[in-house]
Amino acid sequence: MVKEEDSKTLELFLKIGLDEKTAKNTLANNKVTTNLTAVIHEAAVTDGCDRTVGNLIYTVATKFPANALNHRPTLLQYIVSTKIKTPAQLEAAFTFLAATASGDLNTQEFEEACGVGVEVSKDDIERAVSEVFEEKKANILEQRYRTNVGELFAHVRKKLPWADPKVVKEVIDAELYKLLGERTAADNEKPVKKKKEKPVKAEDKAKVDETPAPKPSEEELNPYSIFPPPEENYKVHTEIYFSDRPVLRACNSKELLEKHLKVTGRKVLTRFPPEPNGYLHIGHAKAMFVDFGLAKERDGGCYLRFDDTNPEAEKKEYIDHIKEIVGWMGWEPYKITHTSDYFQDLYELAVELIRRGHAYVDHQTAEEVKEYRERKMNSPWRDRPIEESLRLFDEMKKGMINEGKATLRMKQDMQSDNFNMYDLIAYRIKFTPHPHAGDKWCIYPSYDYAHCIVDSLENITHSLCTLEFETRRASYYWLLDALGLYQPFVWEYSRLNVSNTVMSKRKLNRLVTEKWVDGWDDPRLMTLAGLRRRGVTSTAINAFVRGIGITRSDCSMIHLSRLEYHIREELNKTAPRTMVVLNPLKVIITNLEAGIVTDLDAKKWPEAPVNDASSFYKVPFSRVVYIERTDFRLKDSKDYFGLAPGKSVLLRYAYPIKCTDVILADDKETVLEIRAEYDPSKTTKPKGVLHWVAEPSPGVDPLKVEVRLFDRLFLSENPAELEDWLGDLNPESKVVIQNAYAVPLVRTAALGGRFQFERLGYFAVDQDSTSEKLVFNRTVTLRDSYAKGGK
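Keep in mind that what you see is a predicted model, and the values were worked out from it rather than measured.

A.B. asks: Pulling in residues and values, what's your account of the overall build of the protein chain?
C.D. replies: Summing up its helical and strand segments, the protein chain has 25 helices and 29 strands in all. Just so you have it, the protein chain exposes about 39800 Å², and 49% of that area is on carbon and sulfur atoms. Distance from the positive charge centre (115 side chains) to the negative charge centre (121 side chains) of the protein chain: 4 Å.

Structural data, given as structure tokens:
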């Protein structure tokens, strides 16, 4: 049946002149499909129309200003009657209506702003083009067919804003041919690129570059500027279409809004409503940034509300985690509430909904409900008497009906184009004690029923959620309207999808419960607990989220490297440098006397002031040092800057050393040990610089630490779209190095302490550390090696 509906919708789109490819692409986008279907019905062109009119209608469906929906029918009549017939007129209409919002429309001013009734003849266009060519003749003759036609077009449009763009283009092309004649071979040659000018000296830069940098937009400066103030919540911003009654234009009456504003003191109130059935992930960081951030920016408050309507999935562990992680992210809730706090209110309102004829007790099974919805058929119990539903609902509450034998369903619109209006379930029976409400209830409200009502009861001004909930706006406002409750302003933003991971709680739960990872806080996961354990700070996460913006662009995949950029930006400034060797290769400095250990100064920070002792730490330098095994080769090459036989390198903060001998294993390939000589005068100037660790005293190994190298959890950028997504797990997402060597400074590192291991990356002390052995997690590499195709 779904395919048949798609076929009918596709036919409808083709009738208005859309080409087949555009029509099919539109069908793939639920939001645009819903809007376009509504607009076609609103314009009364279900039997078809001219392609030009159809294209303008499509533009209305995709670009009409959301704050002026009550004027959309008027605009569509102007289009259908061809009073507005060009894209330029339509853009002017959008601008005018956006400024008018839901206020009264001044028809005369509207028609003047949109050029209604203005006829531009071809003669008018030819005259305007001729004037522009006369003004630009010298430049056109010089540039010939490399002339920027777009600029010419813009000049003509200034003179004749309502001219048909196709005719303008034709006339410009004809005038170019008339002036220049046929294209020559030279016209088709690519222009020679000018040589780059030498960079301007620093002292001259201020004189030359006087052009000010472009100012950031208001939205860049303040991403919350897109949200209206609470006192404007009487304006229509959502329309709900029904199959059997007038359109519902969601807004509050002046009286209802005034009552709300009196309670809130006109302050912004938002809510962050996680379901306590798992740990929060980085997508929730964006939700927190939007919900808590808007409230903070407007000097309001944000509820932390636990959406605990399903007693079988919730755990105290998850509730405690969410409270703790919200604080770690830097947010302070206005109040902490639970949907279960309102169970009595929700029950009483459900009774009222039945009394008003908007809900009924149903006995269909889940399979029957699904089948009837697919066929758009009413339940056999939909029209049962109100008194009967009231009695049965009371019996449900008293535990007199078994699980699965009855539900309370909202009587919405089974013929709607929106499947979220197909008589959604409001209450179901579950003989399960609730972790917060105890054993008082055996009926529990659904998300679709409870969410909007609790928003209203808490006087939420802005109900903000991700785009997959957009189709639920209809149900949201239908229910509040049916009960006569205050209606919050609803707005959706795009989900945060990060590459090489999964964000679905169901998939995350499977990874944890089936032990593909080491718990909810495994550093490979994009859970906030996992990121924190990995060494990522909340500051870096919030900077990442802010950089993405509160966009409505759907299906966007943010590459992991973008998050890593923000992590590096912060750690580069806050993580002190130190030296650790992951895979040690022993080097004996033969010309340094055994037993001599010298403490050398090493920098914690690249720009450490010489007179600031706290910016330095001591590293022992002795006869036995260790370098990375990967920093030595038996065969040298020009592009290699490590150590090789007969070659010199500089030991960071110490001295140049030259390889004089190599001790090999019996296989004549495995390097066991290197002999080298150092240059105490430092006159040797090798190109390569290596990190290293030395024996702190003769015969004593350096400090041993465990290092865990974490990498992308999945090989594919979007594993969620794979059928065998678990088969895409990266086998090298976690590599454990048991016996790395570290300088003595590391010994005092505290849990969570962050460092830059020079030349290796940024690392943090893990909770598995003991007094006997420190464990470090790699937070991020020094640069994005994936950008170059490596690992």
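A.B. asks: Give a detailed account of the packing of aromatic side chains, specifying residues and quantitative values.
C.D. replies: The tally for this structure, following the rule as stated, stands at 28 aromatic pairs. Their ring planes at 55 degrees and their centres at 6.0 Å tell us that Phe-272 and Phe-292 sit as a pair that is tilted. Here Phe-272 is found in strand β3 (residues 269–272), whereas its partner Phe-292 is found in helix α15 (residues 282–297), with 20 residues between them in sequence. Phe-292 carries the same exposure label as Phe-272, and that label is buried. Between Tyr-476 and Tyr-477, the ring centres sit 5.3 Å apart and the planes meet at 75 degrees, which makes this aromatic pair edge-to-face. Across this residue pair, the class does not change: Tyr-476 and Tyr-477 are buried. Among the aromatic side chains, those forming a connected cluster through ring pairs are Phe-343, Tyr-347, Phe-393, Tyr-427, Trp-441, Tyr-444 and Tyr-449. If you follow Arg-633 out to its NZ or CZ, it ends over the ring of Tyr-640, 4.0 Å from the centre. A cation sits over an aromatic face here: Lys-682 above Tyr-655, 5.1 Å from the ring centre.

A.B. asks: Describe the pattern of salt bridges, and please don't skip the residues or the numbers.
C.D. replies: As enumerated under the stated definition, the model contains 49 salt bridges in all. Linking Asp-518 and Arg-524 is a salt bridge whose minimum nitrogen-to-oxygen distance equals 3.8 Å. Assessed through its relative accessible area of 46%, Asp-518 is described here as partly exposed. Residue class for Arg-524 comes out buried when judged on its relative accessible area of 10%. Residue Asp-521 pairs with Arg-533 through a salt bridge whose shortest N-O separation is 3.4 Å. In this pair, Asp-521 is assigned in the loop between α22 (505–513) and α23 (528–534) and Arg-533 in helix α23, connecting sequence segments twelve residues apart. For the pair formed by Asp-521 and Arg-533, the shared burial category is buried.

A.B. asks: Please provide a residue-by-residue account of the sheet that holds strand β4 (residues 301–306), values included.
C.D. replies: Taken together, the three strands give an open sheet; going across it, the order is β3-β4-β5, and neighbouring strands pair in parallel fashion. Since the sheet does not close on itself, it has two edges, and those belong to β3 and β5 (335–338), each with one partner. Strand-to-strand twist across the sheet, computed as the mean angle between neighbouring axes with direction ignored, equals 30 degrees. Of the pairings in the sheet, the one linking β3 to β4 comprises four bridges and is parallel in character. If you follow Thr-270 over to β4, its bridge partner there is Cys-302. Sitting on the sheet, α15 touches β3 and β4, and the angle it makes with β3 is about 160 degrees.

A.B. asks: Let's hear about helix α5 (residues 72–80): which residues, and what values?
C.D. replies: Residues of α5 that are buried: Arg-72, Leu-75, Leu-76, Tyr-78 and Ile-79. Buried residues of α5 fall within an arc of 155 degrees about the axis and therefore sit on the same side. Two residues or fewer past α5, Thr-82 is found with a positive phi of approximately 60 degrees.

A.B. asks: Requested: an account of the pairing of strand β20 (residues 648–651), with residues and values cited.
C.D. replies: As paired elements, β20 and strand β21 (residues 656–664) share three bridges and run antiparallel to each other. Each bridged residue has a counterpart across the sheet, and for Ser-648 the counterpart in β21 is Lys-658. Hairpin geometry of β20 and β21 is characterised by an intervening segment of four residues between the two adjacent antiparallel strands and by a positive phi of about 70 degrees at Tyr-653. Pairing between β20 and strand β23 (residues 689–690): two bridges, direction parallel.

A.B. asks: Account for the confidence of the model for the protein chain, naming residues and giving values.
C.D. replies: With 93% of its residues at a pLDDT of at least 70, the protein chain reaches an overall mean of 89. In this model, residues 202–211 is a region of pLDDT below 50 whose contacts with residues beyond four sequence positions or in other chains number two contacts. Here residues 786–791 is a poorly scored stretch, pLDDT under 50, and it has eight contacts once near neighbours within four places are set aside; other chains count.

A.B. asks: Now, about the pairing of strand β27 (residues 754–757): what can you tell me, with residues and values included?
C.D. replies: In terms of strand pairing, strand β14 (residues 577–578) meets β27 through two bridges, oriented parallel. Looking at the pairing, Arg-577 lines up with Gln-756 of β27. Alignment of β27 against strand β28 (residues 761–765), held across four bridges, turns out to be antiparallel. In the sheet register, Phe-755 faces β28, and the bridge partner there is Phe-763.

A.B. asks: Summarise the side chain of Asp-522; cite the residues concerned and give the values.
C.D. replies: As for its position among the elements, Asp-522 is in the loop between α22 and α23. Setting aside residues up to four positions removed in sequence, Asp-522 forms contacts with Val-517 and Gly-530.

A.B. asks: An account of the packing of helix α20 (residues 447–457) against helix α21 (residues 473–483) is requested, with residue identities and associated values reported.
C.D. replies: Following both chains from N to C, one finds α20 and α21 inclined at 60 degrees, their axes separated by 9 Å at the closest point. It follows that α20 is oblique to α21 by the angle criterion. Our pair here, α20 against α21, has a crossing hand that is right-handed. Residues Asp-448, Tyr-449, His-451, Cys-452, Ile-453, Asp-455 and Ser-456 of α20 lie in contact with α21, whose contacting residues are Ser-475, Tyr-476, Leu-479, Leu-480 and Leu-483. The class makeup of the residues in the contact of α20 with α21 is seven nonpolar, three polar and two charged.

A.B. asks: Outline the sheet that holds β28, supporting the account with residue identities and numerical values.
C.D. replies: Paired through their backbone hydrogen bonds, the strands of a sheet run either parallel or antiparallel. An order of β14-β27-β28-β29-β25-β26-β15 is seen for the seven strands of this open sheet, with the pairing classed as mixed. Every other strand in the sheet has two partners, leaving β14 and β15 (580–581) as the edge strands with one partner each. Here helix α25 (residues 560–574) sits on the sheet in contact with β14, β27, β28 and β29 (774–780), set at roughly 120 degrees to β29.

A.B. asks: Which residues make up the environment of Arg-355, and what values do they have?
C.D. replies: Along the polypeptide, Arg-355 turns up in helix α17 (residues 343–355). Considering only alpha carbons, one finds Arg-355 and Val-80, 275 residues apart in sequence, at a separation of 43 Å. Ignoring anything within four residues of it in the chain, the contact list for Arg-355 reads Ile-386 and Leu-390.

Criteria and thresholds
Per-chain numbering applies: the sequence of each chain, read as written, is numbered from 1 onward. It should be noted that, the model being predicted, local features are given only for residues of pLDDT at least 70 and side-chain atom pairs only at 80 or more, the latter also being counted only at that level, while totals for whole chains, interfaces and linings use all residues. In computing side-chain values, all of the structure's heavy atoms are included and hydrogens and water are not. Starting at the N terminus, helices and strands are each numbered in turn, a helix being any DSSP run of H or I of at least four residues and a strand any DSSP run of E of at least two. To be clear on the numbers: accessible area is Shrake-Rupley with a 1.4 Å probe, and residue cover counts the displayed protein chains and nothing else. The charged-residue count follows a simple rule in which Lys and Arg add positive charge and Asp and Glu add negative charge, with His and chain termini not counted at all. A charge is said to be at NZ when it belongs to Lys, at CZ for Arg, at CG for Asp and at CD for Glu. In this scheme Phe, Tyr and Trp rings, the latter by its six-membered ring, pair at centre separations within 6.5 Å, and the angle between planes marks the pair as stacked below 30 degrees, edge-to-face above 60, and tilted otherwise. Type-normalised accessible area, obtained with a 1.4 Å probe on protein chains alone, sets the label of each residue: buried when under 20%, exposed when over 50%, and partly exposed for intermediate values. Here, a charge over a ring means that NZ of Lys or CZ of Arg falls within 6 Å of the ring centre while also lying within 35 degrees of the ring normal. We define a salt bridge as a contact between a side-chain nitrogen of Lys or Arg and a carboxyl oxygen of Asp or Glu at a distance within 4 Å. By the convention used here, strands pair only if DSSP detects at least 2 bridges between them. Lines fitted to C-alpha atoms define the axes here, with helix axes fitted over just the stretch in contact, and angles between the N-to-C directions of these axes take values from 0 to 180 degrees. By definition in these notes, contact holds between two residues if any of their heavy atoms fall within 4.5 Å. The arc under discussion is defined with respect to the helix axis, by the directions toward the C-beta atoms. On a scale of 0 to 100, pLDDT captures the predictor's confidence in every residue. For classification purposes, angles smaller than 35 degrees are called roughly parallel, those larger than 145 roughly antiparallel, those between 65 and 115 roughly perpendicular, and all remaining angles oblique. Here a crossing is called left-handed whenever its near helix is offset anticlockwise from the far helix by less than a right angle, and right-handed whenever the offset is clockwise. When residues are grouped by polarity, Ala, Val, Leu, Ile, Met, Phe, Trp, Tyr, Cys and Pro land in nonpolar, Asp, Glu, Lys and Arg in charged, and all others, Gly among them, in polar.

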